[in-house]
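# Observations on the three-dimensional arrangement
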Amino acid sequence: MITPWMNTHLLTFLVFAPFLWGALLLLFPERQAPLVKLLAVLGAAGVLAVGAAQLLRGQPDALGTIVLERFHWFSAVGIPVEYHLAADGLNLWLVILTVFLVPLTMLGTWNSLPSRPGTAFALLLMLESGMLGALVAQDLLLFYLFWEAMLLPMYFLIGVWGGAERRYAATKFLLFTLSGSLLWLVALLYTAGKAGSFAPGVMAQAVQALPGKVQGTLFIAFALAFAIKVPLFPLHTWLPDAHTEAPTAGSVILAGVLLKLGSYGFLRFAIPIFPDAARHFSLLLAVLSVAAIIYGALVAMMQTDIKKLVAYSSVSHMGFVMLGIASMTVIGTQGAMLQMLNHGISTGALFILVGMLYDRAHTRRIADFGGVALRMPVFTAFFMIVTLSSIGLPLTNGFAGEFLILNGTYLSGFHWGKAAACAATLGVLFSAAYMLWMVKRVFWGPANPDPESGTAHLHADLDLREIAVLLPLVVLIFWMGIHPQTFLTQSEGQVSRAILQAHAGEVKR
């Protein structure tokens, strides 16, 4: 039963205000770029203030919903499509992470874009709308529309403001995502036709009447689209190119939020709609997740570019997220949700820091540095904290998420659970190896004697703006590591119900 008080339009504001503000800023001439940047930051900060204040004070109902907007939108071939937005335990902190990272990214990359920075900031706002829309959309066709809407702003951010191979990286990103989405759209339309609705709950009921092979095929189509976005090994090859060629702002948002839409899609739609198929393919998901963890870490060890090293670390860390989801346990899934937030904070911070270093040195090659700690001690302190968070040092956010994931996988009850958990721990060891090796060479190694080396260009430590950007991220690193329950309470009930429903068919048999 939908009551009028549920439709407060808060979510509509959060989703569309950034897009409209960004579209307005595109009308400004480029000579007014400083003003446009300021207005973009103020607009993003306003969305953060309204969104965080309203969502955090909301009280969830019995189903975990905090804010709901639901109206009949239109009908397609007799199938109703709803404008159905909701904030609940599954997406609350991802929504807050999104509205938090966008203004912080703008401030952190204030001077990073040499040309048309105002246009880039406007595109960031439009990208924010697509990400928020996908996170809060509950109707699957609406979710698909927002999913596709995210592509264009990110494509232009990479293709226009990226590095030397930006066009190749942007095209690869677009083609990979679109190829998975088209197959998913066919499966989505087929499932909706059987259910007579795009509502996930109705679709889940209709799917139970389909033959097992059909369920498996449909699940694979859904999973493929989400796995490409994660990205899950071996569908990850677009990510290192996109990260390396993207401007700093694009890399932060790509790592901080965009990748999470893939794992969120598994939690919100793929597993609840196809629980039997999800259990059947859980071993495959676990194997690919462990492969991503180890492969991403091993390839990161071989990188000579700091940014590419961080990009491959993302493949490894998102492998942990998918392993927690594949465990289909409350502990593992809660760990995956926490690790999504952890990755957004820690890897986002790493990309901001690498961008700050690049702005000064104009190089990212590890061999071009050495002795950075003597020239930039404040920067070094921040980099070390974020590095220790990334490798999962106890009392930091990385440890809490990885511990829950490994624990949930080990106790999953699947015959592969213990072996997968043990193999995944190698990723923890390898991440410490490649991150600390890079830090030792860049910050405490002998300085490159070349007068044109990266270290030779480091004449100033962090300024107040840069410190102000990094401080909130460091606070969250320790807050999430010392008291992770703050970020797990809202989702616990919904996750427990989802896992119980996912195993319900298994219990009946």
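Residues numbered from 1 in each chain as written. Predicted model: local features only at pLDDT ≥ 70, side-chain atom pairs only at ≥ 80, totals over all residues. Heavy atoms only, no water.

### Observations regarding the layout of surface pockets
The space that makes up the second largest pocket amounts to roughly 450 Å³. Taken together, 23 residues line the second largest pocket, and the ones lying closest to its centre are W161, G162, G163, P247 and Y358. For the lining of the second largest pocket, the secondary structure elements donating two or more residues are α6 (151-161), α10 (238-245), α15 (306-326) and α16 (330-361). (1 Å grid on protein atoms, 1.4 Å probe; cavity = no way out; pocket = protein on both sides within 12 Å on 5 of 7 lines; lining within 4 Å. Points joined across faces, edges and corners; volume = space filled by probe spheres on them. Helix = DSSP H or I, 4+ residues; strand = E, 2+ residues; numbered from the N terminus.)

### As for the UniProt feature "domain: NADH:quinone oxidoreductase/Mrp antiporter transmembrane" (unreviewed entry) in the chain
UniProt marks residues 137-424 with the feature "domain: NADH:quinone oxidoreductase/Mrp antiporter transmembrane" (unreviewed entry), using the numbering shown here. Along residues 137-424 the backbone is 80% helical and 0% strand, and the end-to-end C-alpha distance reaches 33 Å. (UniProt positions renumbered as here; feature names shortened; annotations may be inferred.)

### Describing empty space enclosed by the protein
Empty space among the atoms can be located by rolling a probe the size of a water molecule over them. Scanning all chains against the criterion turns up three cavities of 30 Å³ or more. Each pocket or cavity is described by its volume, and for the largest cavity that value is around 120 Å³. Along its surface, the largest cavity is lined by L90, F266, L267, I271, P272, I325, M328, T333, V495, A498, I499 and A502. Split into classes, the residues belonging to the lining of the largest cavity amount to eleven nonpolar, one polar and no charged. Around the second largest cavity, the lining residues are G89, L90, N91, L92, W93, L94, M337, L338, M340, L341, F487 and S491. Within the residue set of the lining of the second largest cavity, elements represented by two or more residues are α3 (92-108) and α16. Looking at which element gives the most residues to the lining of the second largest cavity, the answer is α16, with four residues. Class assignment for the residues of the lining of the second largest cavity results in nine nonpolar, three polar and no charged. (Nonpolar A, V, L, I, M, F, W, Y, C, P; charged D, E, K, R; others polar.)

### Regarding the side chain of K307
Along the chain, the position of K307 falls in helix α15. Ignoring any residue separated from it by four or fewer positions in sequence, one finds K307 in contact with H243, T244, A246, P247, T248, S251, F351, V354 and R364. (Contact = heavy atoms within 4.5 Å.)

### Some points on helix α5 (residues 140-149)
Across the ten residues that make up α5, a large majority, eight, are buried. At the N-terminal boundary of α5, the capping side chain belongs to D139, with an oxygen 3.0 Å from the backbone nitrogen of L141. (Buried < 20%, exposed > 50% of the residue type's maximum accessible area, 1.4 Å probe, protein only. Polar contact = N/O pair within 3.5 Å; in protein donor to acceptor, adjacent residues only side chain to side chain.)

### A look at the pairing of strand β2 (residues 79-88)
Among the ten residues of β2, nine are classified as buried, and the element is accordingly described as predominantly covered. Inspection of the sheet shows strand β1 (residues 65-76) paired to β2 by ten bridges, in the antiparallel sense. When the bridges of β2 are listed, A76 appears paired with I79. Linking β1 to β2, which pair antiparallel, is a turn of two residues; within it V77 sits at a positive phi near 55 degrees. (Pairing = 2+ DSSP bridges.)

### A few points about the pattern of salt bridges
Taken as a whole and judged by the stated rule, the model has eight salt bridges. Between R364 and D305 there is a salt bridge, with its nearest N and O atoms 3.4 Å apart. Of this pair, R364 sits in the loop between α16 and α17 (372-375) while D305 sits in the loop between α14 (282-301) and α15, and the two are 59 residues apart along the sequence. The same class applies to R364 and to D305, which are both buried. (Salt bridge = Lys/Arg side-chain N within 4 Å of Asp/Glu carboxyl O.)

### Looking at helix α7 (residues 166-195)
Counted at 1.5 Å a residue, the expected span for α7 with its 30 residues is 44 Å, and the 42 Å between its end C-alpha atoms agrees. Remark: G196 follows α7 within two positions and exhibits a positive phi of approximately 75 degrees. (Expected span 1.5 Å × (residues − 1).)

### Digging into the packing of aromatic side chains
What the rule picks out here adds up to 28 aromatic pairs. A ring pair is formed by F143 and F269, whose centres lie 4.7 Å apart and whose planes are at 55 degrees; its orientation type is tilted. With F143 in helix α5 and F269 in helix α12 (residues 260-273), this pair connects stretches of sequence that are 126 residues apart. We note that F143, like F269, is buried. Between W147 and F226 the ring centres are 5.5 Å apart and the planes differ by 70 degrees, which places this aromatic pair in the edge-to-face class. (Phe/Tyr/Trp six-rings, centres within 6.5 Å; stacked < 30°, edge-to-face > 60°.)

### Points about unusual backbone geometry
Following V230, the chain continues to P231 via a peptide bond in cis, the omega torsion being -10 degrees. For P231, the location among the structural elements is in the loop between α9 (212-229) and α10. Of note, the bond from F233 into P234 is cis; its omega dihedral lies within 30 degrees of zero at 5 degrees. Within the element layout of this structure, P234 appears in the loop between α9 and α10. Its identity as a non-glycine residue notwithstanding, M328 has a phi of 50 degrees, on the positive side. Along the chain, the position of M328 falls in the loop between α15 and α16. In this structure M328 comes out as buried when scored by relative accessible area, which is 3%. For L395, which is not glycine, the phi torsion reads 80 degrees and is therefore positive.

### Re the side chain of N342
Considering the arrangement of structural elements, one finds N342 in helix α16. Classification of N342 by relative accessible area gives buried; the value is 2%. Engagement of the side chain of N342 in a polar contact is seen with the side chain of Q339, the distance being 3.1 Å. Among residues more than four places away in sequence, those in contact with N342 are T347, N397, G398, G401 and M480.

### Comments concerning the nonpolar core
Formed by 184 residues in total, the largest nonpolar core has its most connected members in F143, W184, F219, F222, F266 and F379. When near neighbours in sequence (up to four residues on either side) are disregarded, W184 contacts L140, F143, Y144, W147, A221, F222, A225 and F226. (Core = buried A, V, L, I, M, F, W, Y, C linked by side-chain atoms within 4.5 Å.)

### Some words on the confidence of the model for the chain
Averaged over the chain, the pLDDT score is 88; the fraction of residues at 70 or greater is 97%. In this model, residues 1-6 is a region of pLDDT below 50 whose contacts with residues beyond four sequence positions or in other chains number five contacts. (pLDDT = per-residue confidence, 0-100.)

### Section: a nonpolar patch on the surface
On the surface, a nonpolar cluster with roughly 280 Å² of combined accessible area is contributed by F16, F19 and L20. Relative to the assigned elements, F16 resides in helix α1 (residues 10-25). With relative accessibility at 32%, the residue F16 sits in the partly exposed group. (Patch = residues over 30% accessible without salt bridge, like charges linked within 9 Å, V, L, I, M, F, W, Y side chains within 5 Å. Areas by Shrake-Rupley, 256 points an atom, 1.4 Å probe, with all protein chains shown as cover.)

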